[in-house]
Amino acid sequence: MNREEAKVRIEVLSQELEMHNYKYYVLSEPSISDFEFDKKLEELIALETEFPEFLSSESPSQRVGGTVTKDFPTVKHKYPMMSLSNSYSKEEMQEFMARITKAIEREVEYVCELKFDGVAIGIRYVDGKMTQAITRGDGVQGDEITANIRTIRSLPLQAKGSGYPNEFEVRGEVYFPRENFDRLNREREEIGEPLYANPRNTASGTLKSQDSAVVAARGLDCFLYAGLADERIADTHYDSLLKLKEWGFKVSEHMRLCKSAEEVFAYLEKWDTERFNLGFEIDGVVIKVNSLDDQDELGFTAKSPRWAIAYKFAAEQAVTRLNEVTYQVGRTGAITPVANLEPVLLAGTTVKRASLHNADQIAKLDLHIGDMVQVEKGGEIIPKIVGVDLSQRQADFPVVEFIHNCPECGTELERKEGEAQHFCPNELGCPPQIKGKMEHFIGRKAMDVDGLGAETVQQFYEAGLVENVADLYELTYEQVVALDRMADKSATNLLAGLEASKQVPFPRVLFAIGIRYVGETVAKKLAKHFKNIDALMAASQEELVAVDEIGDRIAESVLHFFADERNRTIIQRLKDHGLQFEIEEAEGPVSNALEGKTFVVSGVFSQFSRDEIKAEVERHGGKNVSSISKNTDYVLAGDKMGPSKLKKAEDLGIPIISEEDFVGMISA
Ligand code: IVH
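As the structure is a computational prediction, the values presented were derived from the model and not from experiment.

1. With respect to the site of the ligand
Then, number 1: Taken together, 13 residues lie around the ligand, and Leu-84, Glu-113, Glu-173, Tyr-225 and Lys-288 are the ones closest in.
Then, number 2: Contacts to the ligand include Glu-113, whose side-chain N or O atom sits 2.8 Å from a nitrogen atom.
Then, number 3: Here an oxygen atom of the ligand and a side-chain polar atom of Tyr-225 are 2.6 Å apart.
Then, number 4: Computed on the free molecule, the ligand has an accessible area of 520 Å², of which 87% lies beneath the protein chains in the complex.
Then, number 5: Elements with a contribution of two residues or more to the shell around the ligand: strand 3 (110–116) and strand 10 (282–289).
Then, number 6: For the shell around the ligand, the element with the most residues is strand 3, which contributes four residues.

In structure tokens form, the structure reads like this:
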């Protein structure tokens, strides 16, 4: 492809991908499969790599992140970012509307919106292009986090349509969609990382991530609720939001224009209960005067506009007695304190337990057994204790002291510097850790053993049949069938499932053995890099951190795991049973069909990505080079190969082969 063609193709692909982004993330109307989207994105990235002069900052390829920011510069807001005054009751809302009517001397229209519970952001656009995104900070100045904000796929990098001011700013709230937040926590659970408590704080932490690829992977989203420019965008707030919508911004479909106090109250009531059915958290609703002339007349106080108010939902709270604190031990040995409460009704369910997170939390609350505590259900799924009624504390209530030894195995607990959580270090001897490790091992994303579930593993363990994952492969039919509720057929299936699991590829086996912090993705990276378990076990700290995305913490955890003789023994036994401990590509060339032949690979292929087809060349003994010369044996041409390359190949008389020809060559 020549420069001119590349330029056009890059433009076409960019527009197409942004349109698909818009349809999927703003309109919720998917218009292309993920697979096709990824293929187009790959093609775009390949072209931009070949022709970097056409890479623009508005390219959809920029959303995958990868920019690393050490410090976020402090930047002054062009328009100060104020906050809203809050109200907590219908009476206060009534007073707010009465004040407005009095000042304006007539009834006014209001726009009601949801109050998204996230992080406020101001995003500047110049000539329709996103140029700068700033957090609220103290309202006068905030942190510039543009690289991270660009990864939010619903936010246009280039405004759509026309008629927008040369310079404008949109204001909105970055939030963590519940689904993505839950997924993140599930992934963390799998690798034994402490769970995040709530979506808002996690969104806020994520936005301060130094690596924008991390932000991109987490799937934050953003609703816009204001547009600002030196000239008005429209005469009313409602119309200005409609304009933002036209320009491609995500404005909530739940905003309403209300013509009376009754309509406003109906909106409040509706969302007080409906809020639990949204895919994101809200902590109230916002009521704004619609006419911008009226807004100007009302003006501001020192902190907030007089033309708007937030109505905050009461966090559902209850008061009950703390009976006991117990401690749970997770698969990775993490200790979680749990408050056992006198059962109490809260937000429609009976609550008996509340999470206490860690030792610091207990100390901060200064909890005593017998205390009357306030329990709250906020964004968190598990209720939490937010306060203690000290007036009801009696002198003989014992203070809650965090345990020093594991409640399950008695081992002395450890707490690493800088970490909030205590751990039981007895990884291979502590019952919940042993059982947890085995449950993780057989899980769907790990060995996926057909016919074997967590309950059966428990049974095996309690019957003294298994103590580690290697023991599973030594179970006999007689042992299995002797278990309670185990019939002949299920026993046979279970053993067949274990047998079949011996074919599970190395990256999944590596994930399955349960090294702390080695999740699915990290396991894939390590497997790909080291090719087999022996190389991984022999790797030093330096060699480990040299792998893409492997940091000190993961490296240390890997070293720690393999330093334990008992783990080495288990791995040796699994190897002896025939589990996969190397990746197939590591076996060297699969054939020498292409021995001594030099290939130039160009264009887009249907069965392979470009990297994959190059790997195929090597697997069959061939060699890849990047440019065509008289020494090239074949030009392997996919779709959309550039005409200049084509011409060069023709001039030099080098055979040009298709993907099909190539597949024919390697399967011959
Ligand atoms: S309007 C002049 N509308 O609530 C203030 N704010 O203190 C203009 N928020 O962190 C704010 N949803 O980011 C407005 N629909 C909405 C909102 C909203 C959430 C946040 C805002 C700020 C806080 C207001």
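So that's the structure; there's more coming.
2. Details of the side chain of Asn-185
Then, number 1: On the secondary structure map, Asn-185 appears in helix 5 (residues 178–190).
Then, number 2: The contacts of Asn-185, once residues within four sequence positions are left out, are Leu-195 and Tyr-196.

3. Focus on helix 25 (residues 659–667)
Then, number 1: Within helix 25, burial applies to Glu-659, Phe-662 and Ile-666. Projection of helix 25 onto a plane perpendicular to its axis shows the buried side chains occupying an angular sector of 60°, all on one side. Of the exposed residues in helix 25, the ones pointing more than 90 degrees away from its buried face are Glu-660 and Ser-667.
Then, number 2: Looking at the buried positions of helix 25, the neighbouring elements they touch are strand 18 (598–602), helix 23 (610–619), strand 20 (634–637) and strand 21 (656–657).

4. Considering the nonpolar core
Then, number 1: Of all hydrophobic cores here, the largest spans 57 residues; its most connected members are Phe-441, Leu-472, Leu-510, Leu-526 and Leu-574.
Then, number 2: Beyond its immediate stretch of four places on either side in the chain, Leu-526 contacts Leu-510, Val-518, Lys-531, Leu-536, Leu-544, Ile-550 and Val-558.
Then, number 3: One finds Phe-72, Val-119, Ala-133 and Leu-244 within the second-largest nonpolar core, a separate group that totals 34 residues.

5. Examining the state of the cysteines
Then, number 1: The tally for this structure, following the rule as stated, stands at zero disulfides.
Then, number 2: Note on Cys-258: no disulfide assigned, nearest cysteine sulfur contributed by Cys-112 at a separation of 3.7 Å.

6. Points about empty space enclosed by the protein
Then, number 1: Under the counting rule described, the total for this entry stands at two cavities of 30 Å³ or more.
Then, number 2: What the largest cavity holds in volume is close to 50 Å³.
Then, number 3: Lining the largest cavity we find Glu-113, Leu-114, Phe-116, Leu-224, Tyr-225, Leu-241, Val-251, Ser-252, His-254 and Met-255.
Then, number 4: Secondary structure elements with two or more residues in the lining of the largest cavity: strand 3 and strand 8 (221–228).
Then, number 5: It is strand 3 that provides the largest number of residues to the lining of the largest cavity, a total of three residues.
Then, number 6: Across the lining of the largest cavity, the residue classes break down as seven nonpolar, two polar and one charged.
Then, number 7: Reported here for the second largest cavity is a volume of approximately 30 Å³.
Then, number 8: Of the residues contributing to the lining of the second largest cavity, the split by class is four nonpolar, no polar and two charged.

Definitions and limits used
- Residues numbered from 1 in each chain as written.
- Predicted model: local features only at pLDDT ≥ 70, side-chain atom pairs only at ≥ 80, totals over all residues.
- Heavy atoms only, no water.
- Near = heavy atom within 4 Å.
- Polar contact = N/O pair within 3.5 Å; in protein donor to acceptor, adjacent residues only side chain to side chain.
- Areas by Shrake-Rupley, 256 points an atom, 1.4 Å probe, with all protein chains shown as cover.
- Helix = DSSP H or I, 4+ residues; strand = E, 2+ residues; numbered from the N terminus.
- Contact = heavy atoms within 4.5 Å.
- Buried < 20%, exposed > 50% of the residue type's maximum accessible area, 1.4 Å probe, protein only.
- Arc of directions from axis to C-beta.
- Core = buried A, V, L, I, M, F, W, Y, C linked by side-chain atoms within 4.5 Å.
- Disulfide = S-S within 2.5 Å.
- 1 Å grid on protein atoms, 1.4 Å probe; cavity = no way out; pocket = protein on both sides within 12 Å on 5 of 7 lines; lining within 4 Å.
- Points joined across faces, edges and corners; volume = space filled by probe spheres on them.
- Nonpolar A, V, L, I, M, F, W, Y, C, P; charged D, E, K, R; others polar.

Shape descriptors only; they carry no functional weight alone.
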